[in-house]
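Next come the chains, spelled out residue by residue.
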Amino acid sequence: MSNPILQAQNLHKRYEKVHAVQGISFDIQQGEIFSLLGPNGAGKTTTISMLSCLLSATEGDAVIDGHSVGTQADAVKRVIGVVPQEIALYPDLTARENLMFWGKMYSLSGAHLKQRVAETLEIAGLSDRANEKVETYSGGMKRRINIAVGLLHEPKVLFMDEPTVGIDPQSRRRILDTVLELNQRGLTVLYTTHYMEEAAELSRRIGIVDHGKLIALGTQDELTKLVGERDTVRIGISSVNDTDALLAALTKLSGVDHAALEEDELVLQATNANAHLSQIIGAIGAAGGQVKSIKVAEPNLEAVFLHLTGRALRD
Amino acid sequence: MKALQIAVKDTLTRFRDWKALAGMFAAPLIISAMIGLAFGDLGGDETPIENIPVVLVNLDAGELGQAYEDVLTSPDLADLIALETMQDPQAAKARIEAGELRAVIVIPAGFSETVIPDSQGNSGQANVELYTDPTAEISPVIVRSIVERITAAINSTLLAGQVAGQQAAGYAPLLGPAMGQLGAAIGAELQSGNLNLQESLLDLEVVSTGETGESFDPFAFFIPGMAVFFLMFSMFEGSRSILQEERHWTLQRLMSTPTPTWEIILGKMGGTFLTGLLQFTILMLSSTYLFGVSWGTSILGLAILVVLTVFAASGLGAMLTAFSRNENQAGVVGSAVSLVFGALGGSFFPTDGLTGIINIASKLTVNRWAMDGFLALTVNRGGLADIQTSILVLAVIGSVTFVLATLAFQKRFVK
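Just so we're clear, the structure is a prediction, and the values are computed from it rather than from any experiment.

Caption draft 1: A look at the overall build of chain A. Along its length, chain A carries eleven helices and 14 strands. The buried share of chain A, reckoned over its 315 residues, is 53%. Sequence separation of at least 24 residues holds for 69% of the intrachain contacts in chain A that already meet a minimum separation of 6. Entry remark: accessible area of chain A is about 13300 Å², with carbon and sulfur atoms responsible for 46%.

Dropping the structure here:
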């Protein structure tokens, strides 16, 4: 852990009325997949935008491969690849034309450009449909070309901002496999997501972001230890008369630490939850509620987020 | 170099958009064809206009009525209008209704006496009456134009109060001998009145009305008019694409590449310019092929004028987009400016008759300077020297708007 390729130091971004990023600092080691996990609006995209030199930091700086984001933007842009959350492609152009164009923007040319276009099409699994307009592609295919553009110039660090938003499970699986494969080839990845499972699968180290702050940072084991042995219990309910009274009653139960309501679902954190389920169901019944489903999960990143913020990750 | 790549990409994208192509090519050609049909022969050859039957009823006993008569009967207009004189206005108007005449010009009795200032410098107002055949399209316009120009020349002379006989005589080759004599008469009259004489306001271009034997080609006017009008639309639409790229995040992705922001902006504006250049060139070629439009004899003048017209139009489009709050506002403003500029700037009708503030407003439009230039080349068969003012003004408009747009975009996108 002594070879950071990226060091973000006390990054701030202030707008007129919003302090979007409030002093975020983290390192990414060479060859690592580092995930920033947080709900929508937490400041993940703003952070990536500052690291990509799209936004200037109000305060703080980051160093990528030895270059300052604040003062050496051009050098930084040559070593990073950016995969934005949006499908940043030209729909009227074919996939090959898109890649050729973006390759030229990274100063690639001639035979090398053609070779890189062919290779990235291969990575995206779209070589056979390279000459079709992007507008005819499915959402998943567009996402894959969106990633391919970020790989054209063989960056040292790839920034991927929520690259699986809005696509089917099969395409999502393919993208996650691609990220793992690229990482095995030595690519360093900064991955942002609000899907706990993706961060858990891809990354050894994870930073949890909320309201513009990095509220936790560490390996998955280190993070889950924050919630101790507590399980997360999700209970689908209906017909509760007084939800505030119910939540108060639940938190008074032995072993229950947190109780929150998300639409029709109660989310609890409890030590040895299975042993306390009968008490919990009894409290719900006393409040006039009906239990429709129960799911108990062992300590995970979602529990960490709930533990740290009092809110579920999907909020 | 990357700016060129961006420009080529934008042009390619634009030319793959069928809706954009319809706006750029189909609309101007179809509308021009419809107007051409309304004006008669669509066979491609110029439509000859000659021997327009006109009656002059001159009831004025003074110099001015005689001046109208002299100009209208001058050899310069002999081929264009077939003039008769009558003394009964009602009888003359009846002949219009009978389809025998295209126009009747009536100079009322006492016209000169009323209009020319007396020794105290006092004068009155009188009107020349013009009656035209409502079923005819072109010839009434031509007759009206001739009468307006004679009237304008007289008005200018009277108002300026300065044309001495010698000066007016100097204009004789341009105005025709009748107008030269008129100038001398008015000059003498005014000088005897001890008026404060200033410089002449006689518009020398007025004289060109006297040229005869000209044939009228409606396409020579309407094709450039429509081409400039629709060019403005596509330049505004093209400029808006930078905001569309911002919405689709391709602009941000461009800015995350090692490409300077100024080069991205230059590439985007260059793409609009390149699109406009191709649009105008294709319209010129297709109108030549389809309608037999002659774009004049000065290839160099035409090339410079086209480049600078597109430069000014795309610069203006970029500037309005850069200062718009968002994409929608840019679209609304662009459409409104295109329509207003088209109406004021002479894309739909000649601007010769514009006066006062409307004329000033017209001169604030790209269309006006472009049309002045194109008509000088297509209708008047002029050369580079005849479009110097147009190309200078268009170059200034283009340069200023491009610089302002670049600065505004730079400020907008570098956060």
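Caption draft 2: Structural context of the side chain of Asn359(B). Examined against the element boundaries, Asn359(B) turns out to sit in helix 14 (residues 356–362). Residues in contact with Asn359(B), not counting those within four places in the same chain, are Leu354(B) and Arg368(B).

Caption draft 3: Fine view of the interface of chain A and chain B. The interface is formed by 30 residues belonging to chain A together with 20 residues belonging to chain B. Between chain A and chain B, roughly 2400 Å² of surface is buried when both sides are summed, and carbon and sulfur atoms account for 63% of that area. Interface area lost by chain A to chain B is led by Leu54(A), Tyr90(A) and Met105(A), which between them contribute 26%. Summed over the shared surface of chain A and chain B, the result is one salt bridge. A salt bridge links Glu97(A) to Arg16(B), with the nearest nitrogen and oxygen atoms 2.7 Å apart. The tally of links between chain A and chain B comes to eleven residue pairs in polar contact (both at pLDDT 80 or more). Sort the elements by how many residues they give to the side of chain A that touches chain B and helix 3 (residues 95–105) of chain A lands first, with five residues. Here the residues of the side of chain A that touches chain B are counted per class, giving 15 nonpolar, seven polar and eight charged.

Caption draft 4: Layout of the sheet that holds strand 1 (residues 4–14) of chain A. Residue and element names in this part refer to chain A. Strand order in the open sheet formed by four strands is 2-1-4-5, and the pairing between neighbours is antiparallel. Across the chains shown, the open sheet's two edge strands, defined by having one partner strand only, are strand 2 (19–29) and strand 5 (67–68). The pairing of strand 1 with strand 2 spans eight bridges and is antiparallel. Looking at the pairing, Gln7 lines up with Asp27 of strand 2.

Caption draft 5: Broad picture of unusual backbone geometry. All names here are of chain A. With phi around 70 degrees, Ser107 is a residue other than glycine that occupies positive phi space. You can see Ser107 is positioned in the loop between helix 3 and helix 4 (110–124). Residues other than glycine seldom take positive phi values, yet His211 does so here, at roughly 50 degrees. Its location among the elements puts His211 in the loop between strand 9 (205–210) and strand 10 (213–219).

Caption draft 6: View of the pattern of salt bridges. Residue and element names in this part refer to chain A. On inspection of all chains with the given rule, the structure shows 27 salt bridges over all chains. Between Glu162 and Lys44 there is a salt bridge whose closest N-O contact spans 3.2 Å. One end of the pair, Glu162, is in the loop between strand 7 (157–161) and helix 6 (169–184); the other, Lys44, is in helix 1 (residues 44–51), with 118 residues separating them in the sequence. A relative accessible area of 2% means that Glu162 is categorised as buried. Residue classification places Lys44 among the buried positions, given a relative accessible area of 5%.

Caption draft 7: Local environment of the environment of His248(B). Structurally, the position occupied by His248(B) is in helix 9 (residues 218–248). Ignoring any residue separated from it by four or fewer positions in sequence, one finds His248(B) in contact with Glu86(A), Ile87(A) and Ala88(A).

Caption draft 8: Here's a closer look at the nonpolar core. Of all hydrophobic cores here, the largest spans 88 residues; its most connected members are Trp102(A), Phe280(B), Phe374(B) and Phe409(B). It is helix 9 of chain B that provides the largest number of residues to this core, a total of twelve residues. Those residues in contact with Phe409(B), other than ones at most four positions away along the chain, are Ile242(B), Ile265(B), Met269(B), Ala318(B), Thr321(B) and Ala322(B). Of all hydrophobic cores here, the second largest spans 27 residues; its members include Val21(A), Ile24(A), Ile48(A) and Val79(A).

Caption draft 9: Spatial organisation of the environment of Ile237(A). All names here are of chain A. Mapped onto the elements, Ile237 comes out in strand 11 (residues 230–238). According to the relative accessible area criterion, Ile237 is buried, its value standing at 5%. Ile237 sits 53 residues away from Gln290 along the chain, and the two C-alpha atoms are 5.4 Å apart. With near-sequence residues (within four places) excluded, Ile237 lies in contact with Leu246, Leu261, Asp264, Leu266, Ile284, Gln290 and Lys292.

Caption draft 10: Broad picture of the sheet that holds strand 1 (residues 52–58) of chain B. All names here are of chain B. With mixed pairing, the four strands of this open sheet are ordered in space as 2-1-3-4. Edge positions in the open sheet fall to strand 2 (81–86) and strand 4 (129–132), since each of these has one partner strand only. Averaged over all pairs of adjacent strands, the angle between strand axes in this sheet comes to 20 degrees, irrespective of strand direction. Here helix 3 (residues 63–72) sits on the sheet in contact with strand 1, strand 2 and strand 3 (103–107), set at roughly 160 degrees to strand 1. Along the sheet, helix 4 (residues 89–97) makes contact with strand 1, strand 2, strand 3 and strand 4, crossing strand 3 at roughly 165 degrees.

Caption draft 11: Region of interest: the packing of helix 12 (residues 299–322) of chain B against helix 15 (residues 366–378) of chain B. Residues and elements named next belong to chain B. Contact pair helix 12 / helix 15: the axes reach a minimum separation of 10 Å and the direction vectors enclose 170 degrees. In terms of orientation, helix 12 lies roughly antiparallel with respect to helix 15. Along the contact surface, helix 12 presents Gly301, Leu302, Leu305, Val306, Thr309, Ala312, Ala313 and Leu316, while helix 15 presents Val366, Ala370, Gly373, Phe374 and Leu377. Of the residues in the contact of helix 12 with helix 15, the class split is ten nonpolar, three polar and no charged.

Caption draft 12: Geometry of the side chain of Ser74(B). Structurally, Ser74(B) is set in the loop between helix 3 and strand 2. Polar contacts involving the side chain of Ser74(B) include one to the main-chain carbonyl oxygen of Val71(B), which spans 2.7 Å.

Caption draft 13: Up close: helix 10 (residues 273–286) of chain A. Residues and elements named next belong to chain A. Over its 14 residues, helix 10 extends 19 Å from the first C-alpha to the last, a length consistent with the 20 Å expected when each residue adds 1.5 Å. What helix 10 keeps buried is the set Ala273, His276, Leu277, Ile280, Ala283 and Ile284. Tucked into the core, helix 10 has its buried residues touching strand 11, helix 9 (243–251), strand 12 (256–262), strand 13 (265–271) and strand 14 (290–297). The first or second residue beyond helix 10 is Gly288, which carries a positive phi of 85 degrees.

Caption draft 14: Examining the packing of helix 11 (residues 261–291) of chain B against helix 16 (residues 388–413) of chain B more closely. Residues and elements named next belong to chain B. It is at 10 Å that the axes of helix 11 and helix 16 come closest, and there the two elements cross at 130 degrees. Considering their axes alone, helix 11 and helix 16 lie oblique with respect to each other. With respect to the hand of their crossing, helix 11 and helix 16 are arranged in right-handed fashion. Together, Thr261, Trp262, Ile265 and Met269 of helix 11 and Phe402, Ala405, Thr406, Phe409 and Gln410 of helix 16 make up the contact between the two elements.

Caption draft 15: Representation of the packing of aromatic side chains in the model. Evaluated as defined, the whole model comprises 15 aromatic pairs over all chains. When the centroid spacing of 6.3 Å and the interplanar angle of 70 degrees are considered together, the rings of Phe280(B) and Trp295(B) count as edge-to-face. With a gap of 15 residues between them, Phe280(B) in helix 11 and Trp295(B) in the loop between helix 11 and helix 12 connect regions that are remote in the sequence. Each member of the pair, Phe280(B) together with Trp295(B), is buried. Taken together, the aromatic side chains of Phe229(B), Phe230(B), Phe233(B) and Phe348(B) make up a single cluster linked through ring pairs. When the ring centre of Phe101(A) is taken as origin, the NZ or CZ atom of Lys9(B), which lies over that ring, is 5.3 Å away. The ring of Trp102(A) carries the charged tip of Arg253(B) above its face, separated from the ring centre by 5.8 Å.

So, how was this worked out
- Residues numbered from 1 in each chain as written.
- Chains lettered and ligands numbered in written order.
- Predicted model: local features only at pLDDT ≥ 70, side-chain atom pairs only at ≥ 80, totals over all residues.
- Heavy atoms only, no water.
- Helix = DSSP H or I, 4+ residues; strand = E, 2+ residues; numbered from the N terminus.
- Buried < 20%, exposed > 50% of the residue type's maximum accessible area, 1.4 Å probe, protein only.
- Contact = heavy atoms within 4.5 Å.
- Areas by Shrake-Rupley, 256 points an atom, 1.4 Å probe, with all protein chains shown as cover.
- Buried area = accessible area lost by both parts, 1.4 Å probe.
- Salt bridge = Lys/Arg side-chain N within 4 Å of Asp/Glu carboxyl O.
- Polar contact = N/O pair within 3.5 Å; in protein donor to acceptor, adjacent residues only side chain to side chain.
- Nonpolar A, V, L, I, M, F, W, Y, C, P; charged D, E, K, R; others polar.
- Pairing = 2+ DSSP bridges.
- Core = buried A, V, L, I, M, F, W, Y, C linked by side-chain atoms within 4.5 Å.
- Axes fitted to C-alpha atoms, helices over the stretch in contact; angles between N-to-C directions.
- Parallel < 35°, antiparallel > 145°, perpendicular 65-115°, else oblique.
- Expected span 1.5 Å × (residues − 1).
- Left-handed = near helix turned anticlockwise from the far one by under 90°.
- Phe/Tyr/Trp six-rings, centres within 6.5 Å; stacked < 30°, edge-to-face > 60°.
- Lys NZ or Arg CZ within 6 Å of the ring centre and 35° of its normal.

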